[in-house]
Each structure stands twice: as C-alpha cells, then as structure tokens.
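Below are the chains, spelled out letter by letter.
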Amino acid sequence: MTARSTPIIAPSILSADFARLGEEARAVEAAGADWLHIDVMDGHFVPNITIGPDVVKALRPHVKIPMDVHLMISPADPYIEAFRAAGADMISVHPEAGPHLNRTLGQIRKLGAKAGVVFNPSTDPSVIQWMMDDVDLILVMSINPGFGGQSFMRSQLAKIAALRAMIDAHGRDIPLEVDGGVTPETAKLCVAAGATALVAGTAVFRGGPDAYAGNIAALRGV
Ligand code: DX5
Ligand code: ZN
C-alpha cells in the first residue's frame, strides 16, 4: 500500500466561475490544492463542451501546482501535443477515445508529460493489465463523465480496490485518482478503498473563495 497519510486534492475547475478562471485557480492553490484538474470535453465523446488548449495555456501562469488535464475527447491523439505545449503536466485519456491506448500513452510520455488512463464506470481494470509499465496515473470515474454535480457511484469502490491491488502487485507508485461526486463523506470511502488522489468540483467550489481552504481540508480528512 502506498505510504501516504492524506490524499492529493485536485479541484476541478469545471465548477469554478469561468469568467474569473485565473483568479479561481490562484484561489484554490492558495487554499491548499495539490493539482489543478482540467476537464476537456468535445460534445462528441461526452455530451458537453468545455475548454481547449488555449484556456489551459492562459491558466498556466496563474498556478505553480501541476495541471492535471482530463481529456474527454475523441480522437485525443491529434490534440495531445497542443495540451502539452499549453502546460499540461499530466494528460489522461479514456481507452474508448481511440484505437491504440498504448500508442497514445507513449505519445504523452514522449512529450514529457505523465500519461494517465481514465476508467468509465463500465470500463474494466483489465484494460491496463498488460501496460502497467506505461501508465503514470490511473483515474477512476465515479460518475458518467460529462457533467459536474452528479452523485457518487458506490459500485466503483470495488474497482478502486481492484486497481489498488494491481498497482501494489506491480510495485510502482502510480497515483490512483477518483473523479465524480467526491464529498468529504465519499472521499473517506475512496481513500479506504486505496485511492491516493481525489478530484472534486462541487465540493471544493461551493461557498465561494472564502470556503475553499475549509472545503479542501474537509476532503483531505484533516
Ligand atoms: C466530469 C468531470 C469531473 C467533474 C467532477 O466529467 O470529469 O471532473 O468536474 O465534478 P463533481 O466533483 O462536482 O462531481
Ligand atoms: Zn475530470
């Protein structure tokens, strides 16, 4: 089991005020965020449209923490270079987004970013069974991707545990991140199942900037 007493907290800017994104990113960093989670949606792979590389680039100078870019786009390969050039530190893709997951992960690493794989609620852990050496981040969706503010799917806790066991058996310290419906209550369940990083939109940004530090601390369980 990875020795980490408290989880990494990655606020999703999907729940931020989009008219004040730079300010919001600085505010969550100042409030203790470890990573900034950026949800990229194309209206094709998921039924919503959000942001592209230009917004990631505009955000980059506002924070020092790693930018964790979650691509919900298909195909993803043609855009990876642009997101890396924009300042993405981690780039995660869904296996369903393209035909050659291993090639996509290699492309991300070649550009110097950490390569992540995202599991939809129905996606089986075996997708990465034969490429544990090629993955730097594992992200489990505990909702169907596309929108913030949905309810946590408890069915995903067993998958988190299964992926924890795969990571431990493999031996590399691969962060195990959970995304969707994470609240202080569900955060505890995720960490108990073996998660080491938590994405949260609603639970971080609710209450406005004065509440961010308290919201992040509550998610961390301190
Ligand atoms: C949804 C995104 C999530 C979302 C989480 O597709 O991947 O990152 O913003 O939002 P909450 O925390 O509100 O469920
Ligand atoms: Zn996300």
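Residues numbered from 1 in each chain as written. Chains lettered and ligands numbered in written order. Predicted model: local features only at pLDDT ≥ 70, side-chain atom pairs only at ≥ 80, totals over all residues. Heavy atoms only, no water.

## Section: the packing of aromatic side chains
We apply this condition: Centres within 6.5 Å are what make two rings of Phe, Tyr or Trp a pair, Trp counting through its six-membered ring; a difference in plane orientation under 30 degrees is then read as stacked, over 60 as edge-to-face, and the rest as tilted. Throughout, exposure labels follow a simple rule: accessible area from a 1.4 Å probe, protein chains only, divided by the maximum for the residue type, with under 20% read as buried, over 50% as exposed, and the rest as partly exposed.
Taken as a whole and assessed by the stated rule, the structure comprises one aromatic pair. Plain terms: the ring middles of phenylalanine 205 and tyrosine 212 are 5.1 Å apart, the flat faces sit at 75° to each other, and that makes the pair edge-to-face. Judged by its relative accessible area of 8%, phenylalanine 205 is buried. For tyrosine 212, a relative accessible area of 2% corresponds to the buried category.

## Observations concerning the side chain of asparagine 120
Quick note on the threshold: Only DSSP runs of H or I covering at least 4 residues are called helices, and only runs of E covering at least 2 are called strands; the numbering of each starts at the N terminus. Whether two residues touch is decided by their heavy atoms; if any such pair falls within 4.5 Å, the residues are in contact.
With respect to the helices, strands and loops of the structure, asparagine 120 is situated in the loop between strand 5 (114–119) and strand 6 (137–141). Look at asparagine 120 and you get buried, because its relative accessible area is 12%. If we ignore the near neighbours within four places in the chain, the residues touching asparagine 120 are Phe45, His94, Glu96, Met141, Pro145, Gln156 and Lys159.

## Re the nonpolar core
Cut-off, in case you're wondering: Buried Ala, Val, Leu, Ile, Met, Phe, Trp, Tyr and Cys residues form a nonpolar core when they are joined through side-chain atoms within 4.5 Å.
Within the largest apolar cluster, 61 residues are counted, with the highest numbers of intra-cluster contacts made by Ile38, Leu71, Phe83, Ile128, Ile138 and Ile160. Considering each element in turn, this core owes the most residues, four residues, to helix 5 (residues 156–170). For isoleucine 128, the contacting residues outside a window of four places in its chain are Leu101, Val117, Phe119, Val135, Ile138, Leu163 and Met166. Core analysis: the second largest hydrophobic core is formed by 11 residues, Trp35, Met141, Ile143 and Val199 among them.

## Some words on the packing of helix 5 against helix 6 (residues 184–193)
Threshold: Only the contacting stretch of a helix is used when fitting its axis, a line to C-alpha atoms as for every element, and angles between N-to-C directions run 0 to 180 degrees. Here the angle decides the label: under 35 degrees means roughly parallel, over 145 means roughly antiparallel, 65 to 115 means roughly perpendicular, and every other value means oblique. Residue type decides the class: Asp, Glu, Lys and Arg count as charged, Ala, Val, Leu, Ile, Met, Phe, Trp, Tyr, Cys and Pro as nonpolar, and the leftover types, Gly among them, as polar.
One can describe the packing of helix 5 onto helix 6 by two numbers: an axis separation of 8 Å at closest approach and a directional angle of 30°. The pairing of helix 5 with helix 6 is recorded here as roughly parallel in orientation. Two secondary-structure elements touch here, helix 5 through Leu157, Ile160, Ala161 and Arg164 and helix 6 through Leu189, Cys190 and Ala193. Broken down by class, the residue content of the contact of helix 5 with helix 6 amounts to six nonpolar, no polar and one charged.

## Here we look at the coordination of the zinc ion (ligand 2)
The test is simple: Atoms are scored as donors when they are N, O or S and lie within 2.8 Å of the metal, with 3.2 Å used for Na, K and Ca; no water is included, so coordination may look incomplete. For a four-donor site, all angles between 85 and 135 degrees give tetrahedral; for four or six donors, opposite pairs above 155 degrees with the remaining angles between 65 and 115 give square planar or octahedral; all remaining cases count as irregular.
At this site the zinc ion (ligand 2) is bound by His37 (NE2), Asp39 (OD), His70 (ND1) and Asp179 (OD), with donor distances of 2.0 to 2.3 Å. Around the zinc ion (ligand 2) sit six donor atoms; with metal-centred angles ranging over 67 to 167°, the donor geometry is octahedral. Going along the chain, you hit the donors of the zinc ion (ligand 2) in the pattern H-x1-D-x30-H-x108-D. Among the residues examined, aspartate 39 registers a relative accessible area of 6% and is labelled buried.

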